[in-house]
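Each chain is listed here by its residues.
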Amino acid sequence: MTKSALWRRLDTPGHDAARVSRTADGWRLEGTAVFGHELGPARIQYWVDCAPDWTTRRARVTGWVGDRRCDVDVSRSEAGEWQRNGEAVGGLEQCLDVDFGFTPATNYLQLHRAGLKVGDAAEFPVAWMDVPDSTLVALPQRYEKRTPYTFWYESPQGPYEAMLEIAESGFVRSYPSLWAMEE
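Criteria and cut-off values
- Residues numbered from 1 in each chain as written.
- Predicted model: local features only at pLDDT ≥ 70, side-chain atom pairs only at ≥ 80, totals over all residues.
- Heavy atoms only, no water.
- Helix = DSSP H or I, 4+ residues; strand = E, 2+ residues; numbered from the N terminus.
- Rg over C-alpha atoms; globule rule 2.2 N^0.38 Å.
- Lys, Arg positive; Asp, Glu negative; His and termini not counted.
- Charge placed at Lys NZ, Arg CZ, Asp CG, Glu CD.
- Salt bridge = Lys/Arg side-chain N within 4 Å of Asp/Glu carboxyl O.
- Buried < 20%, exposed > 50% of the residue type's maximum accessible area, 1.4 Å probe, protein only.
- Polar contact = N/O pair within 3.5 Å; in protein donor to acceptor, adjacent residues only side chain to side chain.
- Contact = heavy atoms within 4.5 Å.
- Core = buried A, V, L, I, M, F, W, Y, C linked by side-chain atoms within 4.5 Å.
- Phe/Tyr/Trp six-rings, centres within 6.5 Å; stacked < 30°, edge-to-face > 60°.
- Lys NZ or Arg CZ within 6 Å of the ring centre and 35° of its normal.
- Pairing = 2+ DSSP bridges.

Draft legend 1. Representation of the overall build of the protein. In terms of regular secondary structure, the protein is built from 1 helix and 15 strands. By the compact-globule yardstick of 16 Å for 183 residues, the protein fits well, its C-alpha radius of gyration being 15 Å. C-alpha extents for the protein along the principal axes are approximately 45 × 40 × 35 Å. Within the protein, the 27 negative side-chain charges are centred at a point lying 4 Å from the centre of the 20 positive side-chain charges.

Next up, the structure:
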């Protein structure tokens, strides 16, 4: 099983292409984002390896933003300990998912892991990272499944809230003011 998506960025010139596929021991999400950033053009390649239950095991982000290189390895142990480039990162023990701020693709992981039914809601923090700083921080999120293809999303720390539309593939189709799927 392989599913893919292409998005156009709405807040700055850019695109992102991603795909998710089954592996021998779980799932892999991989993609490339290219976009304008205040530091200059950016090209970011990323992948996330997940267990069969969609929890993050390991992730990698490489590329550049303006003249700044980005090369980050993220891992999560079965005990819930997170590392960034081999160094322990505290305060993320309750996080099961990594979420990248430069792509809508990582929402696929949380939504599949949560498995919400229409009318259900869930709150959970994610280990959130954006470029070029590439620090990992806990970001609280709340999803409420309103219809088979819409979720009300809130991130109070952002702050950001919006109705996300989901495509049949499971990827976010519309991330208001940030991303739109090219179809």
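Draft legend 2. Looking closely at the pattern of salt bridges. Overall, the coordinates contain 14 salt bridges when judged by the stated rule. One salt bridge in this structure joins E182 and R8, with 3.4 Å as the shortest N-O distance. Placement of E182 in the segment after β15 (179-181) and of R8 in strand β1 (residues 2-9) is noted, with a sequence separation of 174 residues between them. Taking the relative accessible area as the measure of exposure, R8 reaches 35% and is therefore partly exposed. Taking the shortest distance from any N to any O, the salt bridge between R28 and D49 comes out at 2.7 Å. Of this pair, R28 sits in strand β3 (residues 26-37) while D49 sits in strand β4 (residues 40-50); the two residues are 21 residues apart in sequence, bridging distant segments of the chain. One network of salt bridges, with partners in common, ties together R58, R60, D71 and D73.

Draft legend 3. Just the side chain of S155, in detail. Turning to its location among the elements, S155 is positioned in strand β12 (residues 150-155). Overall, S155 belongs to the buried group, its relative accessible area being 4%. Among the polar contacts listed, one links the side chain of S155 to the backbone oxygen of P140, at a separation of 3.4 Å. Ignoring anything within four residues of it in the chain, the contact list for S155 reads L139, P140 and Y160.

Draft legend 4. View of the nonpolar core. Grouped together as the largest cluster of nonpolar side chains are 53 residues, with contacts concentrated most on V61, F100, F102, L136 and F171. With residues up to four places along the chain from it excluded, the contact list for F102 reads R9, A33, F35, I44, Y46, V61, M129, D130, V131 and W179.

Draft legend 5. Highlighting the packing of aromatic side chains. Following the criterion strictly, the structure yields 13 aromatic pairs and no others. An angle of 25° between the planes, with centres 5.6 Å apart, marks the rings of F124 and Y143 as stacked. Here F124, found in strand β10 (residues 121-129), pairs with Y143, found in strand β11 (residues 137-147); they are 19 residues apart in sequence, far enough to count as distant. Summarising the burial analysis for this pair, F124 and Y143 share the class buried. In this structure an aromatic cluster arises from ring pairing among F124, Y143, F151, Y153, Y160 and Y175. Over the aromatic face of F35 sits the side chain of R9, whose NZ or CZ is 4.7 Å from the ring centroid.

Draft legend 6. Focus on the pairing of β3. Where strand β2 (residues 14-23) and β3 come together, 10 bridges link them in antiparallel fashion. Bridge assignment links D16 to a residue of β3, and that residue is A33. Counted between consecutive antiparallel strands, the loop separating β2 from β3 contains 2 residues. Relative to β4, β3 runs antiparallel, the two being bridged by 11 bridges.

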